[in-house]
Amino acid sequence: MNPAVRIKLCVMMFLQYAIWGSWAVSMGGYLGGTLGFSGGEIGAIYATTAIAAMISPLYIGFLADRLFATEKMIAVLHLVGAGLLIAAAIITDFQTLRAIMVAYAICYMPTLALTNSISFANITDPEREFPGIRVFGTWGWIVAGWIVGFVFGNPDFTKLLPEAIAHGNAPVFLAAILSALLGLFSFALPHTPPRARQPAEAADSPASQIGRASVLELLQDPTFLVFVVCSFLVCIPLSFYYGFANVFLTEIDAPYPTALQTIGQLSEVGFMAAMPFFIARLGVKKMLAVGMLAWVARYFCFGSLQFPLIVFGLFLHGVCYDFFFVASQIYVDSRASANQRASAQSFIAFVTMGLGMFVGAYVGGEIVDLYPPELLVKASVKASENASPESRNVVLPNWDQTGETGIAKELGLTKESQFSLEQLPESYVETDAATKGSRTFAKADLVATLKQADRDNDGKISREEWRVAQRKDWFHIWLWPALAALVTCGLFWVGFKAPSTTTEKLEAAADGTSGSWEEP
């Protein structure tokens, strides 16, 4: 393979997933913390990628195969996506932001397949060369997470940022910059013209008929049907992680939450390399079951609220993703004929990354909203600067651990401070820099709530007590997806009957296809 081409493809993969890794992990914290979106609204924003995953196969194959060179499609989609991401970083209205994110996802999601397509078209030995190229995508996701976590998560750095990008939206701006870079860089990728138009009579050829019937034929097999149904069901609890793990880590004051989540991608790299070993010894049924059970274990670890177990839950991402998604792709490849493979893989991607994640994003949002913080305080809330005030029960105002903003600045508090309830002002107004709205708290209402937050009854409130009072009921939130994944695993184990030849096919396929996977 030409070394220059290889370097270009590696850079392309790095930027492709660095874009996604910049915004996807941290955006939940930004939406919930800075913009004050509800769980349902956060789920709706994350559902936009699932919407695009469902509809992009309807048009992207035709455009890339018949009309436009692949590298030019990648370039245009990422340049348009950069503009949409800038808009997403500025807009604070939920309905407008959701519409922008739908448009962005429709631009971004097809590029996942297009970057794979251009790679396969320009390498000579895909089974040997593609994994080494694709792994740069995982490193792109990891490096983006480190930048967002360690740099943008550093208060000393955020103080230097302009006001417009200093309130949690800097990662979205970073994604926009990376998208523009990849858009421009894509013009330098190897020219990959569209394939010649198929002859008209080919539409009625036996091969075409087989392709159209492939998914229905496979679904007639009860075992494959069980596999499809369980793949859909397990993606519903799975989506809780992508939408709300960063919100969770932020609320429990985990250090550098976005960077911390890259533990999952680091473990993914290791487990990916070990896939052939596990497949040869476990076979398809046990691999898929272990992948489902890993999600159960992860959510129970999160629900424990014990930091060492939470870190272990993040580490389990390699098992969660590789053992289920990668093994699923290999299993589908082993079951489908040569004429069925493309349509079968597209169908499974539609069921899991599309339909399953879409339903899961909305279900996850509703579950999160069912378990708000136990302690809420009465406040007079104005949604915007000129809106009429409304009386609501809301979460306590934020206590900035640096003591430089909000109520911490007014009371002279730091991370280690404690204060007595008498120190509270008669009235405290918290203004949202993004929406220009405000929340006004009366001293009597704050005192009534904080007396309940005083867990040691010493008459003083520490930041830890304050943060616990702000925290959602994460134990019960994580219990739902854990039990859902456990039930799905039970249904799978009872209903799935792997044919004896499948393991042999999987062992052979693992050596050549274990690298052809997509980052969640």
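Preceding this section is the structure that the text describes.
Residues numbered from 1 in each chain as written. Predicted model: local features only at pLDDT ≥ 70, side-chain atom pairs only at ≥ 80, totals over all residues. Heavy atoms only, no water.

(A) Here's a closer look at a nonpolar patch on the surface. Nonpolar side chains collect at one region of the surface, where Trp139, Trp146, Ile147, Phe150, Val151, Tyr256 and Leu266 lie side by side and expose about 580 Å² of accessible area between them. The dominant element in the nonpolar patch, judged by the number of residues it contributes, is helix α7 (residues 126-151), at five residues. When you line up the elements, Phe150 lands in helix α7. (Patch = residues over 30% accessible without salt bridge, like charges linked within 9 Å, V, L, I, M, F, W, Y side chains within 5 Å. Areas by Shrake-Rupley, 256 points an atom, 1.4 Å probe, with all protein chains shown as cover. Salt bridge = Lys/Arg side-chain N within 4 Å of Asp/Glu carboxyl O. Helix = DSSP H or I, 4+ residues; strand = E, 2+ residues; numbered from the N terminus.)

(B) Region of interest: helix α2 (residues 27-34). Among the residues of α2, Met27, Gly28, Gly29, Tyr30 and Leu31 are the ones counted as buried. In this structure, the buried side of α2 is in contact with α1 (3-24), α3 (39-55), α5 (70-90), α6 (94-121) and α11 (222-251). Positive backbone phi, at 70°, marks Gly36, one or two positions downstream of α2. (Buried < 20%, exposed > 50% of the residue type's maximum accessible area, 1.4 Å probe, protein only. Contact = heavy atoms within 4.5 Å.)

(C) A look at unusual backbone geometry. The phi dihedral of Tyr256 falls on the positive side, at around 45°, and the residue is not glycine. In this fold, Tyr256 is placed in the loop between α11 and α12 (257-260). Of note in the backbone geometry, Leu305 takes a positive phi value of approximately 60° without being a glycine. Its relative accessible area of 34% is what places Leu305 among the partly exposed residues.

(D) Structural context of the packing of aromatic side chains. Following the criterion strictly, the structure yields 32 aromatic pairs and no others. A ring pair is formed by Tyr241 and Phe302, whose centres lie 6.3 Å apart and whose planes are at 25°; its orientation type is stacked. Separated by 61 residues along the polypeptide, Tyr241 in helix α11 and Phe302 in helix α14 (residues 275-303) bring together distant segments of the chain. The exposure classification of Tyr241 matches that of Phe302, with both residues buried. Seen from their ring centres, Phe271 and Phe323 are 6.1 Å apart, and the 85° between their planes marks the pair as edge-to-face. Pair noted here: Phe271 is in helix α13 (residues 262-273) and Phe323 is in helix α16 (residues 317-335), with a separation of 52 residues, a long-range link. The residues Phe271 and Phe323 share a single accessibility class, namely buried. Members of the aromatic cluster, joined through ring pairs, are Tyr241, Tyr242, Phe248, Trp295, Tyr299, Phe302, Trp474 and Trp478. Over the aromatic face of Tyr241 sits the side chain of Arg298, whose NZ or CZ is 4.0 Å from the ring centroid. (Phe/Tyr/Trp six-rings, centres within 6.5 Å; stacked < 30°, edge-to-face > 60°. Lys NZ or Arg CZ within 6 Å of the ring centre and 35° of its normal.)

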